[in-house]
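Chain residues, written in single-letter form:
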Amino acid sequence: MTGTLMAIRDGLVVSCQAPDGHPLRRTPVIALLAECAERGGAVGLRVNHPDDVRAVKDVVRLPVIGLTKVVRQEGRALITPEYGLAEQLVAAGADMVAVEATEEVEALYGDPRALVTRIREGLGVQVMADVSTLEEGLRAWDAGADVVSSTLSGYTPASPGAGGEPDLDLVARLASRGVRTVAEGRLATTGHVTTAFAAGAWAVVVGGAVTDPLAITRRLAAATPLGTRR
Ligand SMILES: CC(=O)N[C@H](C=O)[C@@H](O)[C@H](O)[C@H](O)COP(=O)(O)O
């Protein structure tokens, strides 16, 4: 095994993203977040959209897991549901591509396992399959995904939210079935990180807890006497 998978093994990947409408939603800002992550000891980055991938690759040497979120009128955004999007990410310099392998995406775009195979073979990059349940993870792994990530647990109808906590139980269940598994989604403390690795994680991905000062401020402000009275 080579490439990005080996580079991120046992390490921290920082997801450098900001949604539309967020004050940090500017490509140069995303590149600055990536630089902070690199200096802080991250071993990889997760970046949304070819423009941001290109800007980040210009300033850091870390491997980049690229994805493109497809925003829908209703419901959450889907993660790289089409081959053309993966092609653009790789052209922009992505070292690995993250695609969603959920029941939801299957209903709208067809079997994500075919997409996993097509990207691996057609673009020659490793694929991270973002899933929300054990079944989705096992299917993606059987289809040849290089690594499966718990990214979407808590965000699909098939996976009720875990009360704001990361779904490390899913990580443990996938890992115990021999699936190379990344712990991602709502990791916010060093305890989450160590528990994830104890559960068998290959790597961890942390986003908002590192890169979202708006959310961090909201959380801390809510704990003040003023915040609790609101
Ligand atoms: C659900 C979804 O679309 N997750 C996205 C996937 O790329 C990102 O918005 C998250 O920031 C990322 O998964 C890291 O998670 P957290 O920010 O909770 O550490």
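Residues numbered from 1 in each chain as written. Predicted model: local features only at pLDDT ≥ 70, side-chain atom pairs only at ≥ 80, totals over all residues.

- An unreviewed UniProt entry lists the chain under the name N-acylglucosamine-6-phosphate 2-epimerase, with Nonomuraea mangrovi given as the organism.
- The UniProt entry for the chain carries the following text under Function (unreviewed entry): "Converts N-acetylmannosamine-6-phosphate (ManNAc-6-P) to N-acetylglucosamine-6-phosphate (GlcNAc-6-P)."
- Note on the chain: under the UniProt heading Catalytic activity (unreviewed entry), the record states "an N-acyl-D-glucosamine 6-phosphate = an N-acyl-D-mannosamine 6-phosphate". (UniProt positions renumbered as here; feature names shortened; annotations may be inferred.)

Concerning unusual backbone geometry
- For His 49, which is not a glycine, the phi torsion comes out positive at approximately 90°.
- By C-beta crowding, His 49 is classed as partly exposed, having 19 other C-beta atoms within 10 Å.
- In this structure, Thr 80 takes a positive phi of about 40° despite not being glycine. (Buried ≥ 20, exposed ≤ 12 C-beta atoms within 10 Å, placed from the backbone.)

Let's talk about the environment of Val 171
- Relative to the elements of secondary structure, Val 171 occurs in helix H8 (residues 168-176).
- Judged by local crowding, Val 171 falls into the buried class, with 30 C-beta atoms found within 10 Å.
- Taking the C-alpha atoms as reference points, Val 171 and Ala 201, separated by 30 residues in sequence, lie 6.6 Å from one another. (Helix = DSSP H or I, 4+ residues; strand = E, 2+ residues; numbered from the N terminus.)

Things to note about the sheet that holds strand S10 (residues 203-206)
- With parallel pairing, eight strands are arranged side by side around a closed barrel as S1-S2-S3-S6-S7-S8-S9-S10. The sheet shows a mean angle of 25° between the axes of neighbouring strands, taken without regard to direction.
- Inspection of the sheet shows strand S8 (residues 147-149) paired to strand S9 (residues 181-184) by two bridges, in the parallel sense. Among the inter-strand pairings, Ser 149 is bridged to a residue of S9, identified as Val 182.
- Here helix H6 (residues 112-123) sits on the sheet in contact with strand S6 (96-100) and strand S7 (126-130), set at roughly 170° to S6. (Pairing = 2+ DSSP bridges. Axes fitted to C-alpha atoms, helices over the stretch in contact; angles between N-to-C directions. Contact = placed C-beta atoms within 7 Å.)

Some points on the pairing of S7
- Burial runs high along S7: five of the five residues are buried.
- Side-chain alternation along S7 places Gln 126, Met 128 and Asp 130 on one buried face and Val 127 and Ala 129 on a second face that is also buried.
- Here five bridges tie S6 to S7, and the two strands are oriented parallel to one another. Counted as the bridge partner of Val 99 is Ala 129 from S7.
- Relative to S8, S7 runs parallel, the two sharing three bridges. The residue of S8 that forms the bridge with Ala 129 is Val 148.
- Read from S7 through helix H7 (residues 134-142) to S8, the crossover connection turns out right-handed. (Right-handed = clockwise from strand over helix to strand, strands pointing away.)

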